[in-house]
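# Geometric and topological summary
Residues per chain, in single letters:
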Amino acid sequence: MLELNNYINGEWIGPSNSDRNKVINPANQEVIAVAPRATKEETEEAIAVAKAAFESGVWSGLTAHERSEYLNKIADKIDENFDELVRLEVMDNGKIKAEAEFDIADAAGCFRYYAGLVLAPEGETYQVPEDVQAMIVKEPVGVAGLIVPWNFPLLMSVWKIAPAMAAGNTIVYKPAEATPITAMKLVEIIEEVGVPKGVVNLVMGRGSVVGQTIAESKDVDLVSFTGSTEVGREIMRAAAGNLKKISLELGGKSPNIIFADADFETAIDHALMGIYFGSGQVCSAGSRVLVEESIYDKFVETFVERAKLIKVGPGLDENSQMGAINSESQMNTILKYIEIGIEEGATLAYGGRRLTENGLDKGFFIEPTVFTDVTSDMRIVQEEIFGPVVTIQKFKDEEEAIQLANDTDFGLAGGVFSNDGAKALRVIKKVRAGITWVNTFGPTYNEAPWGGYKMSGIGRSLGTYGLDDFQEIKQININLAVEPSGWFPNK
Ligand code: NDP
């Protein structure tokens, strides 16, 4: 069993009280780690350290080149520790090995991307009417509070830590209580490559204590949060105290529109991937599949046949194709939604059960689940379930597809499948979402911005926009005619 510690001002600090978080493996409920639950005071201390480190210039004062070198070294160490990080992520989160391998490789790639981006030319100059040279430069925001969820524990952390560090900010980092293990491993790597003390501070503990303190603190200049819409709202309220900058990556209920002229096999394959990857615990999951009526019956039949083939099991078992649900409470939430769907009158076309056979009884496993005969007013169509539950709905034409796709408070992602390029583009342009795909569903790229419209959030992770979120823009105006203006009398 691992003993996890906080990391503040370059020191590993054990628990200060008897309150401990027991971290379990969701595939079998074994306790795999114990983590500290930091108090408000400890969180405030970490914030003060990050503030002092920022003001000292120990990080922001480095050249971009020097920071870039640190980021590349972190990426190299992630690669060196790849197998261990994969194993820990699987045990902590419940996902299958192949998914964790993708996450860890992408985490290293993200550090390398920002190591490169920070060296790119930046800033702008402007033509202004006066004899003035006007320009902008970009500067770090200051102390960045990073609050991370449990569905992609390392990757979601890196999407924030890499650009925050690249830009020259100092950090207070809170992983989710459910999945703190790779957070500690990452911070060990950050220490190992010699990042100056005080730059990255890790504080584990409850969202309502550690997270809330970060969101409220007047000494935190920016909070970057990924998680539920409800907590996102709380962060926004708490951040109002000092009008700190906020970046929120929240939930979704993303539509995946399948036209009759799509390549059928491709559409089925990607629709399955869209909902069952990560056992559906993915903010951008394609949880609402919309299918043109002429192929609806065939699509549902084939989709259900394929869903039946998915092998659900422990992430470390090479045969597993879909892993565990991250926690008992998340599993119960999903099962509750399945009950709600049945009560609402939807047809449960497949799945819906907790799986306990074949040694799965100790873990949190749910069958891939399919609902049909759904209407847009149903809760299972409107609310984020965050599990392997898809609704498949029928549409008659392009107009109705767009109307159904946008009939949601969320706007994170969306997909269209069609072999008519003009139609696919016409439709995807009308989908009110920040991340969209044509003839695929789900890929993310470190180079491309990630974030949502409407209640799916504010700001963008990744790409150049992901760096912008961690930077202030300063206008500099240099008078080229150094002489009095004569505006006021000089005698
Ligand atoms: P939360 O939004 O509660 O948790 C995300 C992070 O925020 C965790 O680190 C959590 O801490 C922290 N947190 C919780 N409360 C506060 C607070 N008051 N102030 C600051 N930080 C806080 O998500 P859950 O884990 O409870 O999941 C619930 C639902 O959220 C899911 O069913 C899903 O719908 C959605 N979700 C969406 C994600 C996405 O990627 N868009 C990711 C995760 C969840 P801790 O858990 O350690 O207490």
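One structure accompanies this document, and this report is about it. (Residues numbered from 1 in each chain as written. Predicted model: local features only at pLDDT ≥ 70, side-chain atom pairs only at ≥ 80, totals over all residues. Heavy atoms only, no water.)

Attention now goes to the overall build of the protein. Helix and strand content of the protein: 15 helices and 23 strands. Expected size for 491 residues packed as a compact globule is a radius of gyration near 23 Å; at 24 Å, the protein falls within 12% of this value. Looking at the protein as a whole, 55% of its 491 residues qualify as buried. The long-range fraction of contacts in the protein, counting pairs at least 24 apart against all pairs at least 6 apart in sequence, stands at 73%. When the accessible surface of the protein is summed, it comes to about 20600 Å², and 50% of that surface belongs to carbon and sulfur atoms. (Helix = DSSP H or I, 4+ residues; strand = E, 2+ residues; numbered from the N terminus. Rg over C-alpha atoms; globule rule 2.2 N^0.38 Å. Buried < 20%, exposed > 50% of the residue type's maximum accessible area, 1.4 Å probe, protein only. Contact = heavy atoms within 4.5 Å. Areas by Shrake-Rupley, 256 points an atom, 1.4 Å probe, with all protein chains shown as cover.)

With that out of the way, let us pick up the site of the ligand. Residues in contact with the ligand amount to 28 residues; listed here are only the nearest, W150, K174, E177, S228 and E384. The separation between a nitrogen atom of the ligand and a polar side-chain atom of Q212 is 3.1 Å. In this structure, a nitrogen atom belonging to the ligand sits 2.8 Å away from a main-chain N or O atom of L250. Burial of the ligand by the surrounding chains reaches 84%, relative to a free accessible area of 860 Å². Tallied by class, the residues present in the shell around the ligand amount to 12 nonpolar, 10 polar and six charged. (Near = heavy atom within 4 Å. Polar contact = N/O pair within 3.5 Å; in protein donor to acceptor, adjacent residues only side chain to side chain. Nonpolar A, V, L, I, M, F, W, Y, C, P; charged D, E, K, R; others polar.)

What follows covers helix 1 (residues 40–56). Here helix 1 is 17 residues long and its end C-alpha atoms lie 24 Å apart, about the 24 Å a rise of 1.5 Å per residue gives. Within helix 1 the residues assigned to the buried category are E42, T43, A46, I47, V49, A50 and A53. Angularly, the buried residues of helix 1 cover 160° about the axis, an arc narrow enough to put them on a single face. The outward face of helix 1, more than 90 degrees from its buried face, is lined by the exposed residues E41, E55 and S56. (Expected span 1.5 Å × (residues − 1). Arc of directions from axis to C-beta.)

What follows concerns the environment of A183. Structurally, A183 can be placed in helix 6 (residues 181–192). The exposure class of A183 is buried, given its relative accessible area of 3%. Distance from A183 to K97, taken between C-alpha atoms, is 18 Å for residues 86 residues apart in sequence.

This part covers the sheet that holds strand 15 (residues 347–350). Strand-to-strand pairing in sheets goes through backbone hydrogen bonds, with the strands running parallel or antiparallel. Pairing is mixed in the open sheet, where seven strands are placed in the order 15-16-17-14-13-19-20. For this open sheet the edge positions go to strand 15 and strand 20 (435–438), each flanked by a neighbour on one side alone. The mean inter-strand angle of the sheet, taken between neighbouring strand axes irrespective of direction, is 20°. Taken strand by strand, helix 14 (residues 421–430) contacts strand 13 (255–258), strand 19 (413–417) and strand 20, and its axis lies near 160° from that of strand 19. (Pairing = 2+ DSSP bridges. Axes fitted to C-alpha atoms, helices over the stretch in contact; angles between N-to-C directions.)

If you trace the backbone, Q393 turns up in strand 17 (residues 389–395). Dropping the residues within four chain positions of it, Q393 is found in contact with V289, L290, V291, Y296, V374, T375, S376, V381 and L404.

Right, let's get into the packing of aromatic side chains. Summed over the entire model, instances satisfying the criterion amount to 11 aromatic pairs. On the numbers, 5.6 Å between centres and 65° between planes, the contact of W159 with W450 is edge-to-face. Here the residue W159 occupies a position in helix 5 (residues 153–167), and W450 occupies one in the loop between strand 20 and strand 21 (453–454), the gap between them amounting to 291 residues. Taking relative accessible area as the criterion, W450 reaches 4% and is therefore assigned buried. Taken together, the ring pairs in this structure connect W159, W437, F441 and W450 into an aromatic cluster. Between the NZ or CZ atom of K73 and the centre of the ring of Y70, over which it lies, the distance is 5.7 Å. (Phe/Tyr/Trp six-rings, centres within 6.5 Å; stacked < 30°, edge-to-face > 60°. Lys NZ or Arg CZ within 6 Å of the ring centre and 35° of its normal.)

In this section: the sheet that holds strand 4 (residues 20–24). The three strands are arranged 1-5-4 in an open sheet whose pairing can be described as mixed. Of all strands in the sheet, those with a lone pairing partner are strand 1 (2–3) and strand 4, marking the two edges. Summarising the sheet, strand 4 and strand 5 (residues 31–36) pair through five bridges and their orientation is antiparallel. When the bridges of strand 5 are listed, N21 appears paired with A35. Relative to the sheet, helix 3 (residues 82–93) contacts strand 1, strand 4 and strand 5, its axis offset from that of strand 4 by approximately 105°.

Inside soluble globular proteins, nonpolar side chains tend to come together where they are buried. Counting 103 residues, the largest nonpolar core has F111, M165, F299 and F303 as its most contacted members. Residue contributions to this core peak at 11 residues, all from helix 5. For F111, the contacting residues outside a window of four places in its chain are L71, I74, A75, I78, V158, I161, A162, M165 and L186. Listed in part, the 20 residues of the second largest apolar core include I8, A46, V210 and L250. (Core = buried A, V, L, I, M, F, W, Y, C linked by side-chain atoms within 4.5 Å.)

This brings us to the pairing of strand 11 (residues 222–226). Across the five residues of strand 11, five count as buried, placing the element largely inside the fold. The side-chain alternation of strand 11 yields two buried faces, one formed by L222, S224 and T226 and the other by V223 and F225. Across four bridges, the pairing between strand 8 (residues 143–147) and strand 11 is parallel. The partner of L146 across the bridge, within strand 11, is S224. Where strand 11 meets strand 12 (residues 245–249), five bridges bridge the pair, whose relative direction is parallel. Note on strand 12: the bridge partner recorded for V223 is I246. Between the parallel pair strand 11 and strand 12, the chain is carried across by helix 8 (residues 229–239), and the sense of this crossover is right-handed. (Right-handed = clockwise from strand over helix to strand, strands pointing away.)

Further remarks concern the pattern of salt bridges. Considering all chains together, one arrives at 25 salt bridges under this definition. In this structure, D103 and K95 form a salt bridge, with 2.6 Å as the shortest nitrogen-oxygen distance. Exposure class is identical for D103 and K95. Each is buried. For K185, the salt bridge is made with E188, and the minimal N-O distance between the two is 3.5 Å. Of this pair, K185 and E188 both sit in helix 6, three residues apart, which is roughly one turn of that helix. On the basis of relative accessible area, E188 is assigned to the partly exposed category, the value being 25%. (Salt bridge = Lys/Arg side-chain N within 4 Å of Asp/Glu carboxyl O.)

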